Amino acid sequence: MFRTKRSVLVRRLWRSRAPGGKEEEVAAGESGAPVAEAEARAPACGGGCGCCPGKAGCGGRASAGAEAELKALIHAVLKRLKERQLEELLHAVESRGGVRTPCLLLPAKADSRLGQHWYPLPMLLCKVFRWPDLRHCSEVKRLCCCESYSKAHPELVCCNPHHLSRLCELESPPPPYSRYSMDFLKPSDCPDSVPSSTETGRTNCLASGRLSDSQVLQEPGDWSHWCVVAYWEEKTRVGRLYSVQEPSLDIFYDLPQGNGFCLGQLNSENKSQLVQKVRGKIGYGIQLTREVDGVWVYNRSSYPIFIKSATLDNPKSRMLLVHKLFPGFSIKAFDYEKAYSLQRPNDHEFMQQPWTGFTFQISFVKGWGQCYTRQFISSCPCWLEVILNN
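The residue count restarts for each chain, going from 1 along the sequence in the order it is written. With the structure being a predicted model, the display of local features is reserved for residues of pLDDT at least 70 and the display and counting of side-chain atom pairs for 80 or more, all residues being used for whole-chain, interface and lining totals. For side-chain calculations, the full set of non-hydrogen atoms in the structure is used, while hydrogens and water are omitted.

S.K.: I'd like a rundown of the packing of helix 1 (residues 5–15) against helix 5 (residues 83–94), residues and numbers included.
M.R.: Axis angles are defined between N-to-C directions and span 0 to 180 degrees, where every axis is a line fitted to C-alpha atoms and, for a helix, only to the segment in contact. Under the DSSP-based scheme used, a helix requires at least four consecutive residues in state H or I and a strand at least two consecutive residues in state E, with every element numbered from the N terminus. Relative orientation of the contacting elements helix 1 and helix 5 amounts to 25 degrees, with a least axis distance of 10 Å. Considering their axes alone, helix 1 and helix 5 lie roughly parallel with respect to each other. Helix 1 and helix 5 meet at a crossing whose hand is left-handed. Across the interface between the two elements, K5, R6, L9, V10, R12 and L13 from helix 1 touch E83, L86, E87, L89, L90, V93 and E94 from helix 5. Note on angle classes: values under 35 degrees are labelled roughly parallel, values over 145 roughly antiparallel, values of 65 to 115 roughly perpendicular, and the remainder oblique. In a left-handed crossing the near helix is turned counterclockwise from the far helix by less than a right angle, and in a right-handed crossing that turn is clockwise. Two residues form a contact once any of their heavy atoms are found within 4.5 Å.

S.K.: I'd like a rundown of empty space enclosed by the protein, residues and numbers included.
M.R.: Cavities and pockets are defined on a 1 Å grid built over the protein atoms alone: a cavity is a set of grid points where a 1.4 Å probe fits but cannot escape, while a pocket is an open set with protein on both sides within 12 Å along at least five of seven lines, and lining residues are those with an atom within 4 Å of any such point. Grid points are joined across faces, edges and corners, and a volume is the space filled by probe spheres set on the points. Considering all chains together, one arrives at 4 cavities of 30 Å³ or more under this definition. By volume, the largest cavity is sized at about 60 Å³. Along the walls of the largest cavity sit K141, L143, C144, Q287, T289, E291, W296, V297, Y298 and S330, which together make up its complete lining. If you list the elements that add at least two residues to the lining of the largest cavity, you get strand 12 (286–291) and strand 13 (294–299). Gly is put with the polar residues, along with every residue not named as nonpolar or charged; the nonpolar set is Ala, Val, Leu, Ile, Met, Phe, Trp, Tyr, Cys and Pro, and the charged set is Asp, Glu, Lys and Arg. Of the residues assigned to the lining of the largest cavity, the class counts are 5 nonpolar, 3 polar and 2 charged.

S.K.: Just give me the short version of helix 5, but keep the residues and values in it.
M.R.: For helix 5, with 12 residues, the first-to-last C-alpha span of 16 Å sits near the 16 Å given by 1.5 Å per residue. Think of it in three bands: with a 1.4 Å probe and only protein chains considered, a residue is buried below 20% of the maximum accessible area for its type, exposed above 50%, and partly exposed in between. Turning to helix 5, its buried residues are Q85, L86, L89, L90, A92 and V93. Buried residues of helix 5, viewed axially, fall in a sector of 160 degrees; they line one side. The positive-phi residue at the C-terminal boundary of helix 5 is R96, with phi of around 55 degrees. In a helix, the anticipated span is given by 1.5 Å times the number of residues less one. What the arc describes is the spread of directions from the helix axis to the C-beta atoms.

This is the structure in structure tokens:
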């Protein structure tokens, strides 16, 4: 019996669903098989509430009837799509978001019932193709590339699962890996000081070849760029500073399709096996986005990243946490409103000091701090320093 192209696309999409659902997790646990792949593709933000990668939705074995119900529902939804929409959805799913795909615009009110619950279509497709443990639409955040981000079509909603990210809420904080004194937020007497955590987390003066690219680091108030990015391998900066003018920037090592800061094109003389191994794991990397409320980081890679930022913690605290961000998750790495309180605008002496902006640091794959042999980020194989233009 001949199959139509539409039915073939629907079958391929069903076979491409995300692992790590209830029935697959329990089966893997009973058979002793590793669940690393499920954890990598269906992570959760670890924290004080006890959720951890791949286990947030873990429960008893799903019945054959429940799986059959899900399959019938997904097939019914997919068969309503046009052939071109099916091809674009399959492209997005199989590339795991590595290729830019258009929005999948469907009626906004077309909810679907699964068991005892009603799910909006975007959430249903995210559960099937990305995060089986997803429970509420408030757990996801739209990427700025999505048409539904700006609500360009109020009657339609984008259902492309790779136009959303999993939201990492600080109310359920990721596991801390180290704490750093917030004294580095106080400007020093150095006339060209820039907050950095290169070695000790304290303010350092600009050294020759460090951040002296005068054409990039301009006077405060020059809005030709909103941030610059420096890429480091251990204690050595690789390449020039990358000036960011567009609202969104992809930073990657190997991306099938995309524009941005390609780390793979930089000339690195570091021959360390660990550096080369981590460099190869950067993959799709991260996406930096400047939004109204702050700067967001979306982890597009297949491995965790680690972030340290002054605004990720309580402004009254004198200690900073290093936060772990799992693949597929987003976090507001820099909060503008909190930054104003950290600058203490009512402190006259503070305002008289030179100030060139805030920074935050991102390490790929490897963390640093008290739980690691790497005490400082400068010991991490591959990391970024993001210097914001205030």
